[in-house]
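What follows is each chain in one-letter form.
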Amino acid sequence: MKYLHSIRLKLTVWYTLILGVTLFGFGVTSYLYTQEKLLANLDLSLRNEVVWLKNFIEPQARKVKLKRQRVKPLTSTKKQQEKKVRRSHEVEVVEDDSTEFDQIWNQIYEHTLLSPKKQIIQIRDRNGDILYKSYSLGKEDIIFEDIPFNTTKLVTIYDAQGQALRLAVTQNAFTKIYVAYPEAEISEVLGNLFSIFIIFVPAAIILSVLGGWFLANKSLAPVDKITKTARDITALNLDQRIEPVDVDDEIGRLISTFNDMIGRLQSSFEQIKQFSIDASHELRTPLTIMRGEIELALRSKQSSDEYRQVLSSTLDEILRMSSIIENLLMLAKGDIGKSTFKFEEVPLAPIIKELYEDSEMLAEKKHIHVSLESVDDVTVSGDTVRLRQLVLNLLDNAIKYTPEKGTIALSLVKENGSAKIIVKDNGIGIPEEEQAKIFDRFYRVDKGRSREMGGTGLGLSIAQWISETHGGRIFVQSEVNKGSVFTVVLPLARE
Ligand code: ADP
């Protein structure tokens, strides 16, 4: 049953069918071609022979006739014209009194002995009486309709045994010449050819079935392995791989593509697992803090100021949790392509200027100096709210991770057909090995510090998501204790 629905069976059946049809076509064509060629050859040699006989007899007979007329012009009696039969062991020569014709028949007889094909020859005079005939034809004489003077005709006739004979007939002023050859020899060659095909074609087909099946089995065996591995793989054993093959053929490529796919699935699953752990952890921390503070407050009577403090701290944690959940929800919607971006032409300069002013106020507490280095006039196609959020996240980080009295520079430049937003600080910087990870959800170089600063570990994930949704990208250059430069590159709106 398994084999009934297998590619190997289909391949073998198709392969065999095509081979069978090809061999059959080849057999029929070569049979017909050989038959036609053999018949044509036979006709050609018969025609040559009959024409040779005619050309040979004509001048000889004329000579004999002329001579006889000269020697005995008046003695040509009826008796002399009667023919009598003389028998040799192979040839029957019929001639008149004059032995001069004898020479002609003897020469013809010698000619037939030399000829490679044993043709049946009959020569009759104009009255239809036989002058010469070779015996191999059998007892019957060939009776054949009259043909027009000096033409040659080729036909197939049958003797008393039903044997087919190919016959060429021609005539001249004195004689009618018949040359025949049995077609049996051709039939024999064709019969042999047919026997070869009858044996060869089925043998070739059987061989091709076996060979095709063997090849299909051999080349498709790895596919079964792939199926088995794919069936066995679940979320729990994504570390499984199909054993790779050495050859770089279709199957080899399929296996390596499949293994790559499992690899990608494995890392996605690991990311999801890690994300669930991180998300639970992020939400558990504020809850633990709230629980601790409330339990402590309830243990003994507190003054209203102390209650107030507990409530305000609880509110902070609640706000933090809401912010995490809101951000996560936003990213999750983005993941499934349900984000509600409103794309329009957005001039970036006013946004940058506005955010610069806001950040100046935010940085004031830490005495950080914010400068606006350049503001080119650029328009991108995007969502104003999200673009504001993107730049604000970067500025917020710069303020968070820059010590007091540090500096931040913001610029917007038009370069190589793109808009570049650059946020540069001289803060704590990011170690090189961490730079690729900071865009991952919840990833923070220093968890304690980030939390202290009110960070949720989602700011850069959101910044990256917004950049990519706008067809742009974000990257960082940073050196520990020297500062960081975050650059966002966005395509310009079509002018
Ligand atoms: P967070 O809420 O913790 O700031 P982000 O996703 O915005 O989360 O940033 C991830 C981490 O990248 C931060 O925790 C911090 O360690 C590092 N980081 C981001 N911006 C800067 C910066 N300007 N200077 C130094 N470190 C930074």
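For the structure, check the block above.
These notes cover the structure that comes with them.

### What to know about unusual backbone geometry
Glycine aside, a negative phi is what most residues show, and trans is what most peptide bonds show. Residue His367 is not a glycine yet carries a positive backbone phi of 55 degrees. Mapped onto the elements, His367 comes out in the loop between α7 (348–364) and β9 (369–375). Note on His367: relative accessible area 52%, which makes it exposed. Even without glycine at this site, Asn416 takes up a positive phi of about 50 degrees. Considering the arrangement of structural elements, one finds Asn416 in the loop between β11 (407–415) and β12 (418–425).

### Structural notes on the environment of Lys405
Along the chain, Lys405 falls in the loop between α8 (384–400) and β11. On the basis of relative accessible area, Lys405 is assigned to the exposed category, the value being 69%. For Lys405 and His367, which are 38 residues apart along the polypeptide, the C-alpha to C-alpha distance reads 4.7 Å. Among residues more than four places away in sequence, those in contact with Lys405 are Lys366, His367 and Ile368.

### Some details on the packing of aromatic side chains
The geometry of an aromatic ring pair is captured by the separation of the ring centres together with the interplanar angle, meaning the angle of the planes. According to the stated counting rule, one finds 8 aromatic pairs in the structure shown. Considering the side-chain rings of Trp105 and Tyr132, the 6.0 Å spacing of their centres and the 35 degrees angle between planes classify their relative orientation as tilted. Within this pair, whereas Trp105 is found in helix α3 (residues 100–114), its partner Tyr132 is found in strand β4 (residues 130–134), the two being separated by 27 residues in sequence. A single burial state applies to Trp105 and to Tyr132, both of which are buried. Aromatic pair Phe439 and Phe486: ring centres 6.4 Å apart, planes at 75 degrees, arrangement edge-to-face. Residue Phe439 is found in the loop between β12 and α9 (447–452), and its partner Phe486 is found in strand β14 (residues 483–491); the two are separated by 47 residues along the sequence. Classification of Phe486 as buried rests on a relative accessible area of 7%. Clustering of aromatic rings is evident, with ring pairs tying together Phe341, Phe343 and Trp465.

### Here's the deal with the site of the ligand
Close to the ligand lie 21 residues; Asn397, Ser450, Thr456, Gly457 and Leu460 are nearest. The contact in question runs from a nitrogen atom of the ligand to an N or O atom on the side chain of Asp425, over 3.0 Å. Gly459 places a polar main-chain atom, nitrogen or oxygen, 3.3 Å from an oxygen atom of the ligand. For the ligand, the accessible surface in isolation is 530 Å², of which the surrounding protein chains cover 98%. For the shell around the ligand, the secondary-structure elements that each account for two or more residues are α8, α10 (459–469) and β14. In terms of residue count, α8 provides more of the shell around the ligand than any other element does, 3 residues in total. Here the residues of the shell around the ligand sort into 10 nonpolar, 8 polar and 3 charged.

Conventions adopted
- Residues numbered from 1 in each chain as written.
- Predicted model: local features only at pLDDT ≥ 70, side-chain atom pairs only at ≥ 80, totals over all residues.
- Heavy atoms only, no water.
- Helix = DSSP H or I, 4+ residues; strand = E, 2+ residues; numbered from the N terminus.
- Buried < 20%, exposed > 50% of the residue type's maximum accessible area, 1.4 Å probe, protein only.
- Contact = heavy atoms within 4.5 Å.
- Phe/Tyr/Trp six-rings, centres within 6.5 Å; stacked < 30°, edge-to-face > 60°.
- Near = heavy atom within 4 Å.
- Polar contact = N/O pair within 3.5 Å; in protein donor to acceptor, adjacent residues only side chain to side chain.
- Areas by Shrake-Rupley, 256 points an atom, 1.4 Å probe, with all protein chains shown as cover.
- Nonpolar A, V, L, I, M, F, W, Y, C, P; charged D, E, K, R; others polar.

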